[in-house]
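These are the residues of each chain, in order.
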Amino acid sequence: MNCRSEVLEVSVESRQVDEAMLALLHTILLHRSTGKFHYKKEGTYSIGTVGSQDIDCDYIDFAFVRVSSEELDRAMRKSVGEFKDALCNSGSDGVGQISLEFYQKKKSRWPFSDECIPWEVWSIKVNVVSLANEQERQICREKVGEKLGEKVINIVEVINRHEYLPKMPTQSEVDNVFDTSLKDVQPYLYKITYQITDSLGTSVSTTMRRLIKDTLAL
């Protein structure tokens, strides 16, 4: 199986990290979640509905739609919070990457553990910029909102390509494809990882500073 890999890049100030990451991760999960499966008998099932919720950002001129699941949102906020803390405490230039990987399990014979096979990975490269004053912060608030809008459109376009998705499982195999631990929604199995590094490119940061500088010059 070939694993699809998509890379997004954003440049934000530190107070925008949480909202920017949640906006992108929740957008992906909105399209990678289903309602809960209700099996009537093996091979026959119905799928519950998935609610959605509009979220307004506090530090970015942007709103996004997420699955209406408090459990899923808590899990996302926990992962993003850990990433932000590591990013801010790294002592580097505030550069890192957070990845959302979707996978399915392949049962292995005892005594071996199940094999986790990734089929799609989204990586978000993040660069934290330092701004001099409130005027620059206001411009950054607007520019980051515009960039997030572009990223969300990009995400939807990629997801609508109708490429590989795990086939709908039988009742006995549903845990090999979906996370069934949540009570109100059923995302594909996923894991979130991150790394903090100063080896990522600085082009995004440079572009953001140039946008702010050009706006101030108008």
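Definitions and cut-offs
Residues numbered from 1 in each chain as written. Predicted model: local features only at pLDDT ≥ 70, side-chain atom pairs only at ≥ 80, totals over all residues. Heavy atoms only, no water. Helix = DSSP H or I, 4+ residues; strand = E, 2+ residues; numbered from the N terminus. Expected span 1.5 Å × (residues − 1). Buried < 20%, exposed > 50% of the residue type's maximum accessible area, 1.4 Å probe, protein only. Contact = heavy atoms within 4.5 Å. Polar contact = N/O pair within 3.5 Å; in protein donor to acceptor, adjacent residues only side chain to side chain. Phe/Tyr/Trp six-rings, centres within 6.5 Å; stacked < 30°, edge-to-face > 60°.

An unreviewed UniProt entry annotates the protein as Autophagy-related protein 101 originating from Acipenser ruthenus.

Taking 1.5 Å per residue as the helical rise, helix H1 (residues 17-30) with its 14 residues ought to reach 20 Å, and the 20 Å between its terminal C-alpha atoms agrees with that figure. Burial runs high along H1: 12 of the 14 residues are buried. Where H1 is concerned, the buried positions are Val17, Glu19, Ala20, Met21, Leu22, Ala23, Leu24, Leu25, His26, Thr27, Ile28 and Leu29.

Looking now at the environment of aspartate 56. Here aspartate 56 is to be found in strand S5 (residues 52-56). A relative accessible area of 63% means that aspartate 56 is categorised as exposed. Distance from aspartate 56 to alanine 23, taken between C-alpha atoms, is 9.7 Å for residues 33 residues apart in sequence. Residues contacting aspartate 56, with those up to four places away along its chain left out, are Phe62 and Ala63.

Note that arginine 141 resides in helix H3 (residues 134-159). Engagement of the side chain of arginine 141 in a polar contact is seen with the backbone oxygen of aspartate 58, the distance being 2.7 Å. In contact with arginine 141, other than residues within four places in its own chain, are Gln16, Cys57, Asp58, Tyr59, Ile60 and Asp61.

Further remarks concern the packing of aromatic side chains. In the structure shown here, the tally under the stated rule is nine aromatic pairs. Ring centres 5.1 Å apart and planes at 55° place the aromatic pair phenylalanine 37 and phenylalanine 178 in the tilted group. Of this pair, phenylalanine 37 sits in strand S3 (residues 37-41) while phenylalanine 178 sits in the loop between H3 and strand S9 (186-187), and the two are 141 residues apart along the sequence. Grouping residues by exposure puts phenylalanine 37 and phenylalanine 178 together as buried. Relative to tyrosine 188, the ring of phenylalanine 178 has its centre 4.6 Å away and its plane inclined at 25°; by these criteria the two rings are stacked. In this pair, phenylalanine 178 is assigned in the loop between H3 and S9 and tyrosine 188 in the loop between S9 and strand S10 (190-196), connecting sequence segments 10 residues apart. Pair check on accessibility: phenylalanine 178 and tyrosine 188 agree, each one buried.

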